[in-house]
Amino acid sequence: MKILLKISLGITLVTIGVSCSEEKTSGSSKKNETGQEAQNFFTKPPSINTTDLKNQMADSPSSFLRTFANDKIPWQNFNKEVFQTATKAQKPVFLLVGGAQGGFTRTTAEFINNDPNLPERFTNNFVCSVADVSLIPELAEFSFLLTTSNRMSTAFPVLLWFTPEGHPMAWQPAQKFSQKGLVKQITQIFDVTIDSWKTGNNALIRNHRDHNRLRQLDHVAILNREQKVQVSRDEIFRILARSLGTFYDEGSGEIDNVGGLVPTHTLQLLALGGNSKRLVADVREDCLKAASSISHKLINSAIHDRLDGSYFFARQNSEWTVPSTTKNLITQADLAYTFFTVGKILEDQSILNEAMRLTKVLENDWLAKNLSTFAAQGIQTEESKFLWTIEDLKKLLTPDQLALCKKIYGLKKDGNISSFLDAQERFRNLNSLKLSAPLAKLSTQTSLPLNELQSKLSAIHQKLLEYRSANTTYDTLSNINISDIAIAQRTLLARYIHTGKPADLQTALQNGEKIMTRYSAEDQTLLRLPIDTSPNLPARGIDYALTIRALLETYQATLDDKWLKHAIFLYNQADKKLRNGKSFFTEVKKDEQIFPFDIYSFTMKYGESTNGVMDYNISRLAALTDDEKVDELERIMPRKLVPGRSSFAVPMADFVISCAIGEKPIIAVISGDPTSDLNTQLLRTLNSPKFGPYIVIRPKSSDLLTKITSPTTPGVTLIQDNKTLNTTNNPAQLKSLLEKLICKD
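Cut-offs and rules
Residues numbered from 1 in each chain as written. Predicted model: local features only at pLDDT ≥ 70, side-chain atom pairs only at ≥ 80, totals over all residues. Heavy atoms only, no water. Buried < 20%, exposed > 50% of the residue type's maximum accessible area, 1.4 Å probe, protein only. Helix = DSSP H or I, 4+ residues; strand = E, 2+ residues; numbered from the N terminus. Pairing = 2+ DSSP bridges. Right-handed = clockwise from strand over helix to strand, strands pointing away. Axes fitted to C-alpha atoms, helices over the stretch in contact; angles between N-to-C directions. Salt bridge = Lys/Arg side-chain N within 4 Å of Asp/Glu carboxyl O. Polar contact = N/O pair within 3.5 Å; in protein donor to acceptor, adjacent residues only side chain to side chain.

### A closer look at the pairing of strand β5 (residues 127–132)
Across a regular strand the side chains alternate sides, sitting on one face of the sheet and then on the other.
Inference 1: In terms of residue burial, β5 counts as a mostly covered element, since 6 of its 6 residues are buried.
Inference 2: Residues of β5 alternate between two faces, with V127, S129 and A131 on one and C128, V130 and D132 on the opposite face, all of them buried.
Inference 3: Judged from the 2 bridges that link them, strand β3 (residues 76–77) and β5 form a sheet pairing that is parallel. Its bridge partner lying in β5, Q76 is registered against S129.
Inference 4: Strand direction decides the pairing type here: strand β4 (residues 93–98) and β5, joined by 6 bridges, are parallel. Within β5, the position partnered with L96 by the bridge is V130.

### Thoughts on unusual backbone geometry
Inference 1: Phi at N370 takes a positive value of approximately 55°, unusual for a residue other than glycine.
Inference 2: When you line up the elements, N370 lands in the loop between α11 (349–367) and β11 (373–376).
Inference 3: The backbone phi angle of D721 is positive, close to 55°, even though this residue is not glycine.
Inference 4: Mapping D721 onto the fold places it in the loop between β15 (715–720) and β16 (723–728).

### Overview of the pairing of strand β14 (residues 695–699)
Inference 1: Burial analysis of β14 places 5 of its 5 residues in the buried class, the great majority of the element.
Inference 2: Of the strand pairs in this sheet, strand β13 (residues 666–671) and β14 are connected by 5 bridges, and their pairing is parallel. Each residue of the ladder has a partner; that of A668, found in β14, is I697.
Inference 3: Traced from β13 through helix α23 (residues 677–686) to β14, the parallel crossover comes out right-handed.

### Describing the sheet that holds β16
Inference 1: Overall, mixed pairing links the 4 strands, which are arranged β14-β13-β15-β16 in an open sheet. Where the open sheet ends on each side, the last strands, each with one partner, are β14 and β16. In this sheet, neighbouring strand axes are inclined to one another by 25° on average, regardless of whether the strands run parallel or antiparallel.

### Re the pattern of salt bridges
Inference 1: Inspection of the entire model under this criterion finds 30 salt bridges.
Inference 2: Across the salt bridge formed by K360 and E363, the nearest N and O atoms sit 3.9 Å from each other. Here K360 and its partner E363 are both found in helix α11, 3 residues apart, which amounts to about one turn of the helix.
Inference 3: When the shortest N-O distance is used, the salt bridge between K690 and E739 registers 3.2 Å. Remark: E739 occurs in helix α24 (residues 731–743) and K690 occurs in the loop between α23 and β14; sequence separation between them is 49 residues.
Inference 4: With a relative accessible area of 10%, K690 lands in the buried category.

### Points about helix α3 (residues 105–114)
Inference 1: Among the 10 residues of α3, 8 are classified as buried, and the element is accordingly described as predominantly covered.
Inference 2: Among the residues of α3, those classed as buried are T105, R106, T107, T108, A109, F111, I112 and N113.

### As for the environment of T554
Inference 1: You can see T554 is positioned in helix α18 (residues 541–558).
Inference 2: Classification of T554 by relative accessible area gives buried; the value is 0%.
Inference 3: Among the polar contacts made by the side chain of T554, one reaches the main-chain carbonyl oxygen of A550 at a distance of 2.7 Å.

Written out as structure tokens, the structure is:
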């Protein structure tokens, strides 16, 4: 807290005296509470009163935000009108940034609302707004930039105070304190902010305007650096995939610098590195070892909720032993896709089995129920029943069931979470349901056949799940946004590529149809939420990136032109709206920005980066179309992105994955009907995770695809640098050819 006041507010307080004396002509003067002359930025009296504002949350498009509709504070929707209202009221803006993720945003609001003084003080002194990062994801990155600038850890919710122009004045992550501790934190910032505002808002506004301008320059400085020498995609993939492998520590089984979130992109890149002959043999072996170790750790650790089969959103510590109780659709989809990728490359059936199981959970428990986020509300201790005391388990289980749990999960009276992992003793006497060993080994140790052991554990889990459901309050989000659908699409396609079942392909195509019918339509902008949602919200940069990739991968799996046509349509739309002649894609176009700060998504902190995924799209479109603008951007993006690799948590894994295709990708040309049984098998082989990232697939003839004149031989022809490599109509022979070209020296 002291750091916050010194850095984010202290500069303002120091400069107010100078600014007031220098800018007396800029606004009206009045006496403040201490008798000092204050300089008012505003030249006219306020035209509205914040106490007259009405709570707007009942009409929010977010089901989570609608839970704020009955609060004492008149929450306003976070949009440009918030700052217009603040200008009319001549008051700062208070913004609570969070979401259903983490479960503490709603609790923070309740702490504020239940305090005898804070609701009235907030209403009198601020225009109060609340924002859901699932709807405005650039707020997550903006909050991260602010908090890390003060060496603070980023945790949601984040409390932000803005000037009426939209420049941040103060910020503080809301730690999981008690109500008393959190109210104390808020009150301290509140008092300093209001004192600064009343002392001289003219100087404060101008000062923070300058701060934000400098912050923007710092933010984009790294992006303005450019690789002077053109580097090939082959070289980028080879060097950066190899360097990522060196981060793996075999002793701890961890990858350094992953930012605390599940490193799905890192795992995918490690698997691809281990699969590619561009890396030397010992490096490939290290990459595969790391991918295997971490995947099994994920599957066997407590990040996997044993009671309902889903995975938690983020890990709490380096060993994934203490779960965060948030779960969301994207995590299930992203992990399942990662397990398909790693499992297929490693030929590890246990990882593939987990990918299949988790995809079923995604399909039945998330997509079918229209559920995007699910989080236990409040401070996660024993009352949430995600962690358990021995006494609680005694009341719920039979003696035999408890004895079995002690063997399977290593339960202890004083808790099975070590003091090393829980230095603050937040989880003292609590037990996680982390398997003490793989189930097959536990079957031998307990002298129970595996099927019988699984049956007994299932009965135990059902008891605990019913109790947890009855005794836990949840925050949920029922808005499935376009990014959720796009990531789910990749996973459903990956399942079909693995199984070859027509029913699995049909499920994936039905999910893909939602993109074109529920979230976008011909000649219309892509929307973040379904078309029938009110109000309609335009898609962000990351939405365009993920959606285009999902459409391109659907095209590669089917060679149905409609998927490619829509991908091209959305790419052109994103290029026009979000690039504005620059190499980088912003999250929103200029006239849709709520606060005056350009966000370019490059970090791995909150999922995939917009420009990393866009590079994937660009490299594929360059091989599929004759668009000169795309070709030029394909050459520019590596030069622009490579210099920033050392500044991000993971060295831009999604961008490096896009470079797996190489400078001169292998083009696989399918002759004949793509839906025939033979070509269906050939397409599945080409789209396998072992080969798909290195290949672009096209039919023999298409009005959209005219770059290469392919042979007329039935089956598949492999072409690289305009030279025919081989032709075959045998799936086994195709697999052998591709392994020789891609995987083996």
